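Structural overview for review
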Amino acid sequence: SRAHCDMLMRQKIISKKVGQAILQGLGQIEKEMDQGLFVFKEEYEDIHMNVEARLYELIGDNAGYLHTARSRNDQVVTDFKLWIRDHINLLNNQIKKLGITLLNHCENNLYTWIPGYTHFQPAQPISFAHHLMAYVEMLIRDQSRFIDCQQRLNECPLGAAALAGTSFPIDRYYTARVLGFQKPTANSIDTVSDRDFVLDFLASASILAMHLSRLAEEIVLWSTPQFGFITLSDSFSTGSSIMPQKRNPDAAELIRGKTSRSATSFSSLIMLMKALPLAYAKDLQEDKHYVFETYDTLNLCLMAMIGMLESMTVNKSAMGKATDIGFITATDLADKITQNLKLPFRQSYHLVGQLVKLAKSKKKKLQNLSLKELKSVHAALTKKDLDALTIDYSINSRQSYGGTAPICIKKSINEAYKKFNGKK
């Protein structure tokens, strides 16, 4: 309202005397709202009319000039864009804090080995840091999605009026600049009926919530006695009401559960929009609670996840023991045979499959097969080939870009710090 009033004065649509009175009245209303003294009256249908009525009480008929060349339609969408723009900054600060919390764990666990899973079956050994870096990458994408959303919504709706613009000689570029937008919106009909920026926000929020949910699920699994990979602090777990030995990962479970709220908000708004004719319709009033609830829920989940990870204990020995299962370095042996014997990988793959079958029948580990047993599968195999079966060899050898070797992870960590603008 102040930006609009300033513009009306600059364009000589209202006098400076009237404009100054309006600005003084708006200042008084703001003070009353900040102090909780503003009285909302039900006879006025919304906040806009309440503010206007109070302005009349404070400065008289001059209050009527404020609504020159604008509508509640363009005013409310401007307010909403400003709110979402500001709260994207708050969410991105939380995403950055969570990312750096994960990066601290990564630096402390470069040489902590765990099984990597596909189909939730032990597949290949990896560094725990490498596993956590997958979530760091997700958060980097989440941050970039919110930034993209912020850039797309950074066009000012003020001055589109009800739907057709105005006959007054307004300067929309001025109000856009004063309110921190890059430029005014280009089509007045689209301006008052557009909620793509809300859908953008809710879509980005839904994807972030889904990422938090995936991490929360892993925390639930890792904290079970069967895994024992981590221990959660008492601040983020609770006891059972009947079983004294249990600690339940409540914070992680609540994060996992609350994801449905963000996804539901997005789907609800897109259903609201799907058959809405141009231009403004009262249906669009329903957009607010989806956004406000999603922000509140997501901010709470981010804070809980940050606190949970900051206070989490990593049980390195349990992780290391878990790598001693399921012929987890069999792929490394196939790679080694391919290199040493100059065989096609698929042939090496089948040879190792036979060795695994033989080891199972003998109830042995692959590295404990005798030379005779190796040569029964292929005459050129030697005990030296079995060096590839150690966990250290497996992880340190995987130095392709984005691989699990610590030398690669260190580079990824440094790059991630830069993307989060963290100090390193």
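Above this text sits the structure in question.
Here's what I pulled together on the structure shown here. (Residues numbered from 1 in each chain as written. Predicted model: local features only at pLDDT ≥ 70, side-chain atom pairs only at ≥ 80, totals over all residues. Heavy atoms only, no water.)

1. Points about the overall build of the protein chain
- A count of helical and extended segments in the protein chain gives 16 helices and eight strands.
- The C-alpha atoms of the protein chain give a radius of gyration of 30 Å, which is well past the 22 Å a tight globule of 424 residues would have.
- Referenced to the eigenvectors of the C-alpha coordinate spread, the extents of the protein chain come out at roughly 105 × 55 × 45 Å.
- Across the 424 residues of the protein chain, 47% fall into the buried class.
- Intrachain contacts of the protein chain at a sequence separation of at least 6 include 71% that bridge at least 24 residues.
- For the protein chain, the exposed area adds up to about 21,700 Å²; of that, 53% sits on carbon and sulfur atoms.
- Once the 52 positive and 43 negative side-chain charges of the protein chain are each reduced to a mean point, those two points are 11 Å apart. (Helix = DSSP H or I, 4+ residues; strand = E, 2+ residues; numbered from the N terminus. Rg over C-alpha atoms; globule rule 2.2 N^0.38 Å. Buried < 20%, exposed > 50% of the residue type's maximum accessible area, 1.4 Å probe, protein only. Contact = heavy atoms within 4.5 Å. Areas by Shrake-Rupley, 256 points an atom, 1.4 Å probe, with all protein chains shown as cover. Lys, Arg positive; Asp, Glu negative; His and termini not counted. Charge placed at Lys NZ, Arg CZ, Asp CG, Glu CD.)

2. Points about the packing of helix α9 (residues 250-273) against helix α10 (residues 287-310)
- Running from N to C, α9 and α10 cross one another at 155 degrees; their axes reach a closest spacing of 9 Å. Judged by the angle between their axes, α9 and α10 are roughly antiparallel. Between α9 and α10 lies a crossing whose hand is left-handed. Contact with α9, carried on its side by Ala251, Ala252, Ile255, Lys258, Arg261, Ser262, Ser265, Ser268 and Leu269, involves Asp287, Tyr290, Glu293, Thr294, Thr297, Leu300, Cys301, Ala304, Met305 and Met308 of α10 and no other residues of that element.
- Partitioned by chemical class, the residues of the contact of α9 with α10 number 10 nonpolar, five polar and four charged. (Axes fitted to C-alpha atoms, helices over the stretch in contact; angles between N-to-C directions. Parallel < 35°, antiparallel > 145°, perpendicular 65-115°, else oblique. Left-handed = near helix turned anticlockwise from the far one by under 90°. Nonpolar A, V, L, I, M, F, W, Y, C, P; charged D, E, K, R; others polar.)

3. A word on the packing of aromatic side chains
- Under the counting rule described, the total for this entry stands at 13 aromatic pairs.
- Taking the centre distance of 6.0 Å and the plane angle of 75 degrees together, the rings of Phe80 and Phe197 count as edge-to-face. Of this pair, Phe80 sits in helix α4 (residues 72-108) while Phe197 sits in helix α8 (residues 196-222), and the two are 117 residues apart along the sequence.
- Residue classification places Phe197 among the buried positions, given a relative accessible area of 4%.
- The structure contains a cluster of three or more aromatic residues connected by ring pairs, namely Phe80, Trp83, Phe197, Phe292 and Tyr295.
- One Lys or Arg, Lys81, reaches over the ring of Phe197 and ends 5.3 Å from the middle of that ring. (Phe/Tyr/Trp six-rings, centres within 6.5 Å; stacked < 30°, edge-to-face > 60°. Lys NZ or Arg CZ within 6 Å of the ring centre and 35° of its normal.)

4. Considerations on unusual backbone geometry
- Omega for the bond connecting Leu278 with Ala279 falls within 30 degrees of zero, at 5 degrees, which places this linkage in the cis form.
- Relative to the helices and strands, Ala279 resides in the loop between α9 and α10.
- The backbone of Lys12 sits at a positive phi, close to 60 degrees, despite the residue not being glycine.
- With respect to the helices, strands and loops of the structure, Lys12 is situated in the loop between α1 (2-10) and α2 (16-34).
- For Lys12, a relative accessible area of 73% gives the class exposed.
- Backbone geometry at Phe120 places phi at a positive 55 degrees, although glycine is not the residue there.
- Within the secondary structure, Phe120 is located in the loop between β1 (113-118) and β2 (121-127).
- Taking relative accessible area as the criterion, Phe120 reaches 48% and is therefore assigned partly exposed.

5. Description of the environment of Asp234
- Structurally, Asp234 can be placed in the loop between β5 (230-231) and β6 (238-239).
- Residues Asp234 and Ser311, 77 residues apart in the sequence, show an inter-C-alpha distance of 9.1 Å.

6. A look at the pairing of β2
- The pairing of β1 with β2 spans six bridges and is classified as antiparallel. Along β2, the bridge assignment pairs Tyr117 with Pro122. (Pairing = 2+ DSSP bridges.)

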